[in-house]
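# Fold and geometry: a report
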Amino acid sequence: MKKIGKNKILAVIFWIFAVAVAVVIFRFSCDTGEESAEVSESLLSVIIEFIGRFISHNTLRKIAHFSEFALLGVTLMLHISALRQRFTIKCGWLWAWGISTLYAGSDEFHQGFVGGRAPSLSDVGIDSCGAIAGVLLVLLCRHLQLNLLHQQRQFLLYLGLE
């Protein structure tokens, strides 16, 4: 398979993952305040039982927000990275972070129309921080990958095998 074909497939796969994450986030935002509390209680019951002694329920909910948007940042960054092989996209990290942050804002706006929920600018900030953490994680992994490949090539050159 050609490199361009492989990257195109990866771009589509990562786009599907990004959309899936966005749909999950949207779905959670549709829950009323009471439903949201019930869902987070059931999903986080094991974590709350273990860590709940040290971290408040509200903090765990904020960590969940951070994590959702970190995952969105990762999937968008991987999508944009795959696209960069085919198109010239400057500042891919900024696009991934910006799109994630805009989605966080629209998510909070949407919550203003759901019973028992209210939009929160601080939640947009937490979500945005999660998104940039996800983007930076992808950049760090890519840097480590390139560094490892460079070291491997240098070693092969040293051995005279390349």
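Counting restarts for each chain: residues are numbered from 1 in the order of the written sequence. Reporting in this predicted model follows two pLDDT cut-offs: at least 70 for local features of residues, and 80 or more for side-chain atom pairs to be given and counted; totals over whole chains, interfaces and linings ignore these cut-offs and use all residues. Think of the side-chain values as coming from all heavy atoms in the structure, minus any hydrogens and water.

Turning our eyes to something else, we now look at the packing of aromatic side chains. For Phe, Tyr and Trp, rings pair up if their centres lie within 6.5 Å, where Trp contributes its six-membered ring, and each pair is then called stacked (planes under 30 degrees apart), edge-to-face (over 60) or tilted (otherwise). Evaluated as defined, the whole model comprises two aromatic pairs. Where Phe 69 meets Tyr 103, the ring centres are 6.4 Å apart and the plane angle is 40°; that geometry is what we call tilted. Within this pair, whereas Phe 69 is found in helix α4 (residues 57-84), its partner Tyr 103 is found in helix α5 (residues 92-111), the two being separated by 34 residues in sequence. Think of it in three bands: residues with accessible area under 20% of the maximum for their type are buried, residues over 50% are exposed, and the middle band is partly exposed, with areas taken using a 1.4 Å probe on protein chains only. The class for Phe 69 is buried, based on a relative accessible area of 0%. With relative accessibility at 22%, the residue Tyr 103 sits in the partly exposed group. Taking the centre distance of 5.1 Å and the plane angle of 75° together, the rings of Phe 109 and Phe 113 count as edge-to-face. The same class applies to Phe 109 as to Phe 113, namely exposed. Going along the chain from the N terminus, every DSSP run of H or I of four or more residues is numbered as a helix, and every run of E of two or more is numbered as a strand.

Attention now goes to the side chain of Glu 108. Summarising the element assignment, Glu 108 is placed in helix α5. Positive charges come from Lys and Arg, negative ones from Asp and Glu, while His and the chain ends are left out of the count. For this document, the term salt bridge refers to a Lys or Arg side-chain nitrogen within 4 Å of an Asp or Glu carboxyl oxygen. Buried charge without a salt bridge: Glu 108, with Arg 117 as the nearest opposite-charge side chain at an N-O distance of 6.2 Å. Within 3.5 Å is the distance limit for a polar contact, defined as a pair of N or O atoms, with the added protein rule that one can donate a hydrogen and the other accept it, and that residues adjacent in sequence qualify only through two side-chain atoms. In terms of polar contacts, Glu 108 uses its side chain to reach the backbone amide nitrogen of Ser 120, at 2.9 Å.

Patch criteria: residues need more than 30% relative accessible area and no salt bridge. Like-charged residues are merged within 9 Å; nonpolar side chains of Val, Leu, Ile, Met, Phe, Trp and Tyr are merged within 5 Å. In this description, accessible areas are obtained by the Shrake-Rupley approach with a 1.4 Å probe, and a residue is regarded as covered only by the protein chains that are shown. A cluster of nonpolar side chains, contributed by Trp 93, Leu 94, Leu 136 and Leu 139, occupies part of the molecular surface with about 340 Å² of accessible area. Counting only elements with at least two residues in the nonpolar patch, the list comes to α5 and α6 (121-159). Inspection of the secondary structure assignment puts Trp 93 in helix α5. A residue is classified by how much of its surface remains accessible, and Trp 93, at 36% relative accessible area, is partly exposed.

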